[in-house]
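# Close look at the chain arrangement
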Amino acid sequence: MNNRIYLSLAHMGGQEQKFIQKAFDTNWVVPLGPNVDEFEGKLENFLGKNKHIVALSSGTAAIHLGLLQLGVGYGDEVICQSFTFAASANPIAYLGAKPVFVDSEQDTWNMSPEFLELAINERVKATGKKPKAIIPVHLYGMPAKMSEILDIAVKYEIPVLEDAAEALGSEYKGQKCGAFGEFACFSFNGNKIITTSGGGALGCSAKQQARKTIFYATQAREDAPHYQHSEIGYNYRMSNICAGIGCGQMEVLPDRIAQRRKNNQVYKQCLSEIEGITFQTEPNSDFRSNYWLTSIIVNPEKTNGITREDLRLTLESANIESRPLWKPMHLQPVFAERPFYGDRTSEKLFENGLCLPSGSSLTENDLERVAEIIISQLRNK
Ligand SMILES: *Cc1c(COP(=O)(O)O)cnc(C)c1O
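This report concerns the structure included in the present document. Small disclaimer: the values here were computed from a predicted structure and weren't measured.

## A word on the packing of aromatic side chains
Counted under the stated rule, the structure contains 9 aromatic pairs. Aromatic pair F39 and F188: ring centres 5.0 Å apart, planes at 65 degrees, arrangement edge-to-face. One end of the pair, F39, is in helix α2 (residues 34-47); the other, F188, is in the loop between β8 (183-187) and β9 (200-204), with 149 residues separating them in the sequence. F39 sits in the buried class, given a relative accessible area of 0%. Between Y234 and Y236, the ring centres sit 5.2 Å apart and the planes meet at 15 degrees, which makes this aromatic pair stacked. Through successive ring pairs, a cluster of aromatic residues spans F85, Y140, W292 and W326. Directly above the aromatic system of W292 lies the positively charged group of K192, at a separation of 5.8 Å from the ring centroid.

Shown next as C-alpha cells:
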C-alpha cells in the first residue's frame, strides 16, 4: 500500500524549536512573553496597513472577542457567510446573539454582496433593528469580494469582522486579507497554512482595541495589586510556547504560500483536459488566493454520473484523504431555525465539491498520484 496522503498537515520550518528552547531556558513557560510579542510583531509586519495583532488561544476565541467589542450581545443579530466552518458562527451564539446566514456567489464561493444587502433590509423589516456585524469569510484562502461588501457595510453603517482564518497571505487588490475589516480573525490550528499547534489571533484597527482584547483575553483583570474585576473575562491568551512555534513558522510563511499555490497549479495542469471538473479560481487579477486548500467541483452531468463522493471513495481506497466542502451553516441542524438569504449556490457547491490534498509538504509525485487516480476514474467512465 502506498503511503497515506493527507489533506493538510503541519509543516515545520526548522527554527521553531530554537524559539521554544529559549522560552524554556528563560522560564517563559506562560501565556505571555517574548515569543508572543515577537509573533505579534511578525504578523503586523507581514500584514502591513497598521494592524494591531493580539495572539490568542484560537481563531474561534478571536472571533468571540472581536464580536464582543463590536457590542454584540443578547438578542442581537449578526450576519455570517453560510458557506464556512462552524467556528465562524459559533461565537455569535456564545454572546447570546443570533446568526443570519447569507449565501455565496459563484465567482469566489464567498459572501454574495447582493444577498448581503437583501438580508440587511429584510432583517430591519422583520426586527426593526440592524444586524450588529457582518462576518465574510475568505474560504479556502480565496478573498471575498471585499470592495462590494465594504461598500454595503459603510452604506448601512455595520462593522465588518473578517474571517481570515484560512487566508493568511491571500490578497485582494494588493492588500492582505485580514486588513480590511474593523476586526479580523486568523487561525494557526494544526491544518492551517502555518500553525502554532493550536492558536489564533485577532487583528484590530486601533491600538486601544488591541489593549481591550488583551484585557478580555486575561480574565478582564483590572490594573490593581489585588484581583479586581468589573467585567466578565476569558482565558484566551496564547502560550509563549505556542508563539515560539509561530515565530519559527513566520520565517517560512512565504514558502508555504508559494508551495500551496504551486499545488493548485499542478492540479490545474494535470486535470485541465478532464471533462466535468472545475476549480475554485481567482476571478481576476484583483484576487490572489493562498490556495490553502485546492477545491474542485465535480459535475456528474459531464462525468457520466460519477459524483464527488465516488471520487472521494476511490481516493480513500488509494489511501488518499480528501474532503467534501464545508456543509453550509443554514443546513446544519443546530442552525436550522435561523434565517437564510440566498439562491442555494452554496448548497450546490457543497453537493459537488471536494477539497484535494493540499499540504505544503506534498511532493510533485504525491500530487500526480492524486491526479492520476482522478483521471483514471473519469477516463474509464
Ligand atoms: C479554522 C477556522 C476557524 C477557527 O479557527 P480555530 O483556530 O480552529 O479556532 C474559523 N473560521 C474558519 C473559516 C476556519 O477555517
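## Brief notes about the nonpolar core
Judged by nonpolar contacts, the single largest core of 38 residues is most densely connected at F39, Y140, L168, F186 and F188. Where this core is concerned, the elements lending two or more residues are α2, β1 (52-56), β8 and α8 (240-271). At 6 residues, the largest contribution of residues to this core is made by α8. A domain-level breakdown of this core finds at least three residues from each of domain 1 (16-252) and domain 2 (254-379). If near-sequence neighbours (up to four positions away) are discounted, F39 is found in contact with A55, F188, T196, M238, A243, G246, C247 and M250. With 33 residues, the next largest nonpolar core counts I92, F101, I135 and A217 among its residues.

## Comments concerning helix α1 (residues 16-25)
The complete set of buried residues in α1 reads E16, F19, I20 and A23. End-on view of α1: buried residues confined to an arc of 100 degrees, all on one side of the axis. Exposed residues on α1 whose side chains face more than 90 degrees from its buried face are Q17 and D25. Packing partners of the buried residues in α1 comprise α2 and α8. Phi turns positive one or two residues past the end of α1, at N27, with a value near 60 degrees.

## Overview of the environment of T127
Take T127: it is sitting in helix α5 (residues 113-127). Classification of T127 as partly exposed rests on a relative accessible area of 37%. C-alpha separation for the pair T127 and W28, spaced 99 residues apart in sequence, amounts to 50 Å. A polar atom in the side chain of T127 sits 2.8 Å from the backbone oxygen of R123. At 3.1 Å, the side chain of T127 forms a polar contact with the backbone nitrogen of K129.

## Topic: the site of the ligand
Not every one of the 15 residues close to the ligand is listed here, only the nearest: T60, D163, E166, S187 and K192. D163 has a polar side-chain atom sitting 2.7 Å from a nitrogen atom of the ligand. Contacts to the ligand include E166, whose side-chain N or O atom sits 2.5 Å from an oxygen atom. Protein contacts shield 94% of the accessible area of the ligand, which totals 380 Å² for the unbound molecule. A breakdown of the residues in the shell around the ligand according to their chemical character gives 4 nonpolar, 8 polar and 3 charged.

Procedures and definitions
Residues numbered from 1 in each chain as written. Predicted model: local features only at pLDDT ≥ 70, side-chain atom pairs only at ≥ 80, totals over all residues. Heavy atoms only, no water. Phe/Tyr/Trp six-rings, centres within 6.5 Å; stacked < 30°, edge-to-face > 60°. Helix = DSSP H or I, 4+ residues; strand = E, 2+ residues; numbered from the N terminus. Buried < 20%, exposed > 50% of the residue type's maximum accessible area, 1.4 Å probe, protein only. Lys NZ or Arg CZ within 6 Å of the ring centre and 35° of its normal. Core = buried A, V, L, I, M, F, W, Y, C linked by side-chain atoms within 4.5 Å. Domains from an automatic or database assignment. Contact = heavy atoms within 4.5 Å. Arc of directions from axis to C-beta. Polar contact = N/O pair within 3.5 Å; in protein donor to acceptor, adjacent residues only side chain to side chain. Near = heavy atom within 4 Å. Areas by Shrake-Rupley, 256 points an atom, 1.4 Å probe, with all protein chains shown as cover. Nonpolar A, V, L, I, M, F, W, Y, C, P; charged D, E, K, R; others polar.

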